[in-house]
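What the coordinates show
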Amino acid sequence: MDPEHASVNGRTKSQRPQTTHREVADELRARIRSGALQPGQRMPTQAQLAAEFGVERPAVRQALRILQSEQLLTNVSKGVPATVAADPGRVLTGPAAPPLPTTVALAPRIAAAFAAEHVEIDAVCLTSISLTLAIGEPLRQIHAGRLKPAKVDVRVLLPSRDIDLAFPVPVEEHGGAAGPVHERWLSMRNAQGQVLRHNLLALRATHGIDVRVSFRALPFTPPVKLYLLNGVEALFAYYTVVRREAQIGRENLEMYDAQGIRSPLFAFGQGAGLRDTTFVEQSRLWFGALWETISSELMLTS
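Residues numbered from 1 in each chain as written. Predicted model: local features only at pLDDT ≥ 70, side-chain atom pairs only at ≥ 80, totals over all residues. Heavy atoms only, no water.

**Quick word on the overall build of the protein**
For the record, the criterion: Going along the chain from the N terminus, every DSSP run of H or I of four or more residues is numbered as a helix, and every run of E of two or more is numbered as a strand. Using a 1.4 Å probe on the protein chains alone, a residue whose accessible area is under 20% of its type maximum counts as buried, one over 50% counts as exposed, and one in between counts as partly exposed. Residue contacts are defined here by distance: any two heavy atoms, one from each residue, within 4.5 Å place the two residues in contact. Reported accessibility uses the Shrake-Rupley method at a 1.4 Å probe radius. Residues are deemed covered only where the shown protein chains occlude them.
Along the protein, the regular secondary structure elements total 7 helices and 15 strands. Taken across its 302 residues, the protein has 45% of its residues classed as buried. Across the protein, every contact between residues at least 6 apart in sequence was considered, and the portion connecting residues at least 24 apart equals 70%. Surface summary for the protein: the accessible area is close to 15,400 Å², and the carbon and sulfur share equals 51%.

Right, dumping it as structure tokens:
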């Protein structure tokens, strides 16, 4: 017998690494983008794909859901072969994907990520307000019974309360980290983080989902926002600083601030080409380095 195989109940079992659902998705995505699978063409059945890639059907279904979330496939279900989208070039990731405002682009991408069995979301942001709003859509789908992940892991990096922020800051010096503009940002950071954590952790009691939500503090103001979804997609936006007036307490203060929810969000997908794949991989390394090194424990308190 081949030494790379061992007999199990009369069958041979390969000792080579098991193909993952992400690798299946990458190969099928490449076939669609190359034209090997044409728009409107029926995909092979899930049984045929499972046999071809040497995986179980759940892995095939996860791969197909990823491609459906990228608008490359339609009619993904257990009973009928999926269909290549009529216009698979109009995807939300890749070099040709147009940037959309965060409020428009983030929610559907987060909802698509929640189709996975194990949802992993990493975020770097100023207050987490966009993420909190976007999480509302998959939560609604979970409560409606349309989504049911088994596990959800969310990690968020936010600026420390103890630093002098680059923004938002008053145009005229007004107390630094102890001033009203800083206190207003801190209150918003804490409130949004608490809502995000509460809403996600509630899934344990209501739906039996294994949920972990973690926050850590950065010693600097992030000039960009970044969302990493299931390790296969990176959504990136710049914080563009503008001068505006806001009422804080009884004062009208001129400040330099960033309107994060309106920032154009650029989407990069692993497997969508060398540029996208490299960006996703480097973003994951960047986030992991910040999380493991210079960030510190964050308590969402005043």
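**Some words on the pairing of strand β13 (residues 251-258)**
Worth spelling out the cut-off: Strand pairing is assigned whenever DSSP identifies at least 2 bridges connecting the two strands.
Across 2 bridges, the pairing between strand β8 (residues 169-170) and β13 is antiparallel. Note that in β13 the partner of V169 across the bridge is Y256. Note that strand β12 (residues 241-248) and β13 share 8 bridges and pair antiparallel. For V242, the partnering residue across the bridge sits in β13 and is D257.

**Thoughts on the nonpolar core**
The test is simple: Side-chain atoms within 4.5 Å are what join buried Ala, Val, Leu, Ile, Met, Phe, Trp, Tyr and Cys residues into a set we call a nonpolar core.
Of all hydrophobic cores here, the largest spans 44 residues; its most connected members are I110, F114, I121, L131, I135, V156 and L200. Not counting the four nearest positions on each side in its chain, L131 is found in contact with L106, I110, I121, A123, V156, L196 and Y227. Counting residues in hydrophobic clusters, the runner-up holds 20 residues, among them V24, L49, V55 and A63.

**Notes on the sheet that holds strand β11 (residues 233-238)**
Read from one edge of the open sheet, 8 strands run β5-β14-β11-β10-β6-β7-β9-β15, paired in mixed fashion. Two strands close off the open sheet at either side, each with one partner strand: β5 (100-101) and β15 (296-297). Pairing of strand β7 (residues 151-159) with strand β9 (residues 210-218) involves 9 bridges; the strand directions are parallel. Along β9, the bridge assignment pairs R155 with S214.

**A closer look at the environment of E281**
Position of E281 among the secondary structure elements: in helix α7 (residues 274-292). Residue E281 is classed as partly exposed on the basis of its relative accessible area of 38%. Between the alpha carbons of E281 and G269 there is a distance of 9.9 Å; along the sequence they are 12 residues apart.

**Comments concerning the packing of helix α5 (residues 129-143) against helix α6 (residues 180-207)**
When two helices pack together, their arrangement is given by the angle between their axes and by how far apart the axes lie. The criterion, for reference: Think of each axis as a best-fit line through the C-alpha atoms, taken over the contacting stretch in the case of a helix, with angles from 0 to 180 degrees between the N-to-C directions. To sort the angles, those under 35 degrees are grouped as roughly parallel, those over 145 as roughly antiparallel, those from 65 to 115 as roughly perpendicular, and the leftovers as oblique. Left-handed is the label given to a crossing in which the near helix is rotated counterclockwise from the far helix by less than a right angle, and right-handed is the label when the rotation is clockwise.
Two numbers describe how α5 lies on α6: the axes approach to 9 Å, and their chain directions differ by 15°. Looking at the two axes, α5 sits roughly parallel to α6. Judged by the sense of rotation from one axis to the other, the crossing of α5 with α6 is left-handed. Within the contact between the two elements, α5 uses I129, L131, T132, I135, L139, I142 and H143 and α6 uses Q192, V195, L196, N199, L200, L203, T206 and H207.

**Brief notes about unusual backbone geometry**
Of note, the amide linkage connecting F167 to P168 takes the cis form, showing an omega dihedral of -5°. Looking at the secondary structure, you find P168 in the loop between β7 and β8. Despite not being glycine, S128 shows a phi value in the positive range, around 70°. Within the secondary structure, S128 is located in the loop between β6 (118-124) and α5. What makes S128 buried here is its relative accessible area of 2%.

**Some remarks on the packing of helix α4 (residues 102-113) against α5**
Using the following cut-off: Following the grouping adopted for this structure description, the nonpolar residues are Ala, Val, Leu, Ile, Met, Phe, Trp, Tyr, Cys and Pro, the charged ones are Asp, Glu, Lys and Arg, and the polar ones are all others, Gly among them.
Viewed as axis vectors pointing N to C, α4 and α5 meet at an angle of 40°, and their least axial separation amounts to 8 Å. The pairing of α4 with α5 is recorded here as oblique in orientation. When you trace α4 past α5, the crossing you get is right-handed. Residue-level inspection shows T102, L106, A107, I110 and A111 of α4 in contact with α5, the latter providing S130, L131, A134, I135, E137, P138 and Q141. Residues of the contact of α4 with α5, tallied by class, amount to 8 nonpolar, 3 polar and 1 charged.

As far as function goes, none of this settles anything; it's purely spatial.
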